[in-house]
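Tertiary structure, described
So you can see what is in the structure, the chains are spelled out below.
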Amino acid sequence: MPKAFISYSHCDEDWKELVQSHLAVLKNKGVLTIWEDRQIESGQEWFNAIKQSMQEACVGITLVSRHFLASEFIHKEEIPTLLEKREKEGFLLLPIIISPCAWRVVEWLSAIQGVTPNNKPMQEMSEGERDHVLTDMVEKIHRHILDSQPAIVKPELIPEKPNQQKSPTPTAEKQTNQQTEEETSPGDQPATEKNHHKNKHDATYQRLISNGLRNCDLSAKERVKIGRRLAETGDPRPEVMDVDAMQFCLVPKGRFWMGAAESDSDAYDNEKPEEEYNLAYQYWLARYPVTVAQFRQFSHQSGYQPGDADCLKGVDNEPVVNVSWGEALAFCQWLQSRWQGQAWLPQSGWRLTLANEPEWEKAGRGGSWYPATAINRTIAHINFEDEFDSAIETTENPHPQRVYPWGDKINTEHLNYNDHIQHTSTPGAYPTGLSPYGCEDLSGNAWEWTRSQFHNYPYPSAFSKDWWKREAADDTASRVLRGGAFHIGQSRVRAAVRYSCPPHVRNYGLGFRVCLSPLPLDADPLNDGSLNG
């Protein structure tokens, strides 16, 4: 079983216990064991026990304080081992600044993103803030464990939907009756115990299939097939099934290349000229497109009736399609009100909406630099008052003018396109197709509505008069689609592709994803209530 190693000073015992209490949910699920030096038994050679536990661990948590920094053993023995594992093995190392200390002068600490926002000491947080931070950490560890497991799940070996049985033959019916009599015999197990075993089996079954989605040893067709089986049994990923669990990827402010180069033989005239565009604000783009399950949640809870009922009949864990531009924005407005009511989204200064063209393209191509590790959060864990922390480790963009979100080459393992699959696929089935900021399925699968009206380049500078005009809520103006779809060929799934579409159009390859953008309410032209389906 995967193991977490906690490195800490005994002077910080209370903080260690707090972290362990949050990790207990993974321990109880049977997916993680937790080790710290209090577990060394009498007679064990303590130094070897610590070294062995570090070598066996897949996650390291360091509780950083002045006592931690002053410990010679931690400095000379534990940290070098943990850093070596991080460098060579994809080991997840998570520093937690628990109290004010000189962590910035320690080279390895200043180079690694800590657990707390801006590396704010836990001691200076409220109890609620600490719980949010540690909950986020536990979810990150859980994702790391699932993504790291080597299990290969072949679609043909996946059992049918639970409780799905074929019509019994006469002999089988007799055996079934006999079995039923045996199951109701006095010596049988209680029904609650049977349900426990069944639920445990179902959870294991779902976890294995979910891991298969991220396994690059399987072909894209096999992973997509796993996604459809997963929909039949009930996809266990809340981020694709529940609006409140949506994940957002941070895109820091700064310059990036927008448009297509003259040398790109696949480029269309409306993608030119290519230029550096300055996005002078940070924002959060959804990691995945909105799914059928999430759009159905909106329709059922708000009473909103979409113009084409077929949009609610798709596969639950795949992108919702057959939605118009107005319907996509209606979803955004409903979700914004929902999250403001839960105090997850500020009442002013931020909007849940569709991305505009620069926001979409920067998320796809990356700026001149980006975080070394993608930063994604659920809405409940985003601190909207924080700017991007310069202490976070960054990397220079090796391909700032890249053709696709992942680079300059393309094949059917990167994305769902060119009718290779012949239908939409669940988000997460193409792990090699990530953008620099961690967004998935930006290219292929389903076209995505933006909030931008279709006009020629150059795109107006952010928050200028012409910028607001291009995003005005005119439900007759053609809007820009981005990303291509499952049936679209290579030239139309590039990061620079822009396609003009009337806002009332709905079709089987047209969906959307949402964006958290710093749009002031008093100037936002999308907030006039004029949207029609």
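The structure reproduced in this document is the subject of the present report. The structure presented is a predicted model; accordingly, all values stated were derived computationally and were not measured.

About the cut-offs
- Residue numbering note: each chain is counted from 1, following its sequence as written.
- Given that the model is predicted, a residue must reach a pLDDT of at least 70 before its local features are reported, and side-chain atom pairs must reach 80 or more before they are shown or counted; all residues, however, enter totals for whole chains, interfaces and linings.
- Note that water and hydrogens are dropped before the side-chain values are worked out from all heavy atoms of the structure.
- Going along the chain from the N terminus, every DSSP run of H or I of four or more residues is numbered as a helix, and every run of E of two or more is numbered as a strand.
- Each residue's exposure class comes from its accessible area (1.4 Å probe, protein chains only) as a fraction of the maximum for that residue type: buried when under 20%, exposed when over 50%, partly exposed otherwise.
- Residues count as neighbours in contact if any of their non-hydrogen atoms are within 4.5 Å of one another.
- Accessibility throughout is a Shrake-Rupley quantity obtained with a 1.4 Å probe, and a residue counts as covered only by protein chains that appear here.
- In what follows, salt bridge is the name for a side-chain nitrogen of Lys or Arg lying within 4 Å of a carboxyl oxygen of Asp or Glu.
- Each residue after the first adds 1.5 Å to the expected span of a helix.
- The angle separating two fitted axes, one through the seven residues that finish at a residue and one through the seven that start at it, defines the bend at that residue.
- Counting of polar contacts relies on pairs of N or O atoms within 3.5 Å, with two restrictions inside protein: one atom must be capable of donating a hydrogen and the other of accepting it, and residues adjacent in sequence are counted only when both atoms are side-chain atoms.

Moving on to the overall build of the protein. From N to C terminus, the protein includes 14 helices and 17 strands. Taken across its 533 residues, the protein has 51% of its residues classed as buried. The long-range fraction of contacts in the protein, counting pairs at least 24 apart against all pairs at least 6 apart in sequence, stands at 77%. Summing over all exposed atoms, the protein offers an accessible surface of approximately 24000 Å²; the carbon and sulfur share of this is 47%.

Let us look at the pattern of salt bridges. By the definition in use, this model includes 26 salt bridges. Its salt-bridge partner being Glu-13, residue Lys-16 comes within 2.7 Å of it at the nearest N-O pair. Of this pair, Lys-16 and Glu-13 both sit in helix H1 (residues 13–28), 3 residues apart, which is roughly one turn of the helix. For Lys-16, a relative accessible area of 3% translates into the label buried. Given the relative accessible area of 15%, Glu-13 is considered buried. Across the pair Asp-235 and Arg-237 runs a salt bridge whose closest N-O atoms are separated by 2.8 Å. Taken individually, Asp-235 and Arg-237 each receive the classification buried, so the pair is uniform in this respect. One salt-bridge network, held together by shared partners, links Glu-274, Glu-357, Glu-361, Arg-365, Arg-482 and Arg-498.

Moving on, we get to H1. Relative to the 22 Å expected for 16 residues at 1.5 Å per residue, H1 spans 22 Å between its end C-alpha atoms, a close match to the ideal helical length. Residue His-22 marks the point of greatest curvature in H1, where the axis turns by about 40°. Among the residues trailing H1, Gly-30 stands out with phi positive, at a value near 80°.

Here we take up the side chain of Gln-453. If you trace the backbone, Gln-453 turns up in strand E13 (residues 447–453). Polar contacts involving the side chain of Gln-453 include one to the side chain of His-455, which spans 3.3 Å. At 3.4 Å, the side chain of Gln-453 forms a polar contact with the backbone oxygen of Ala-472. Residue contacts for Gln-453: discarding those within four places in its chain leaves Glu-357, Lys-469, Arg-470, Ala-472, Asp-474, Ala-477, Ser-478, Arg-479 and Val-480.

Our focus in this paragraph is unusual backbone geometry. A cis geometry characterises the amide bond from Lys-272 onward to Pro-273, with omega recorded as 5°. Between Tyr-457 and the following residue, Pro-458, the backbone shows a cis peptide bond with an omega angle of 5°. Tracing the sequence through the fold places Pro-458 in the loop between E13 and helix H14 (465–470). Of note in the backbone geometry, Asn-418 takes a positive phi value of approximately 60° without being a glycine. Structurally, Asn-418 can be placed in the loop between strand E12 (394–396) and E13. Although it is not a glycine, Phe-463 sits at a positive phi angle of roughly 70°. For Phe-463, the position within the fold is in the loop between E13 and H14. Residue classification places Phe-463 among the partly exposed residues on the basis of a relative accessible area of 34%.

Nothing here speaks to function; it is geometry throughout.
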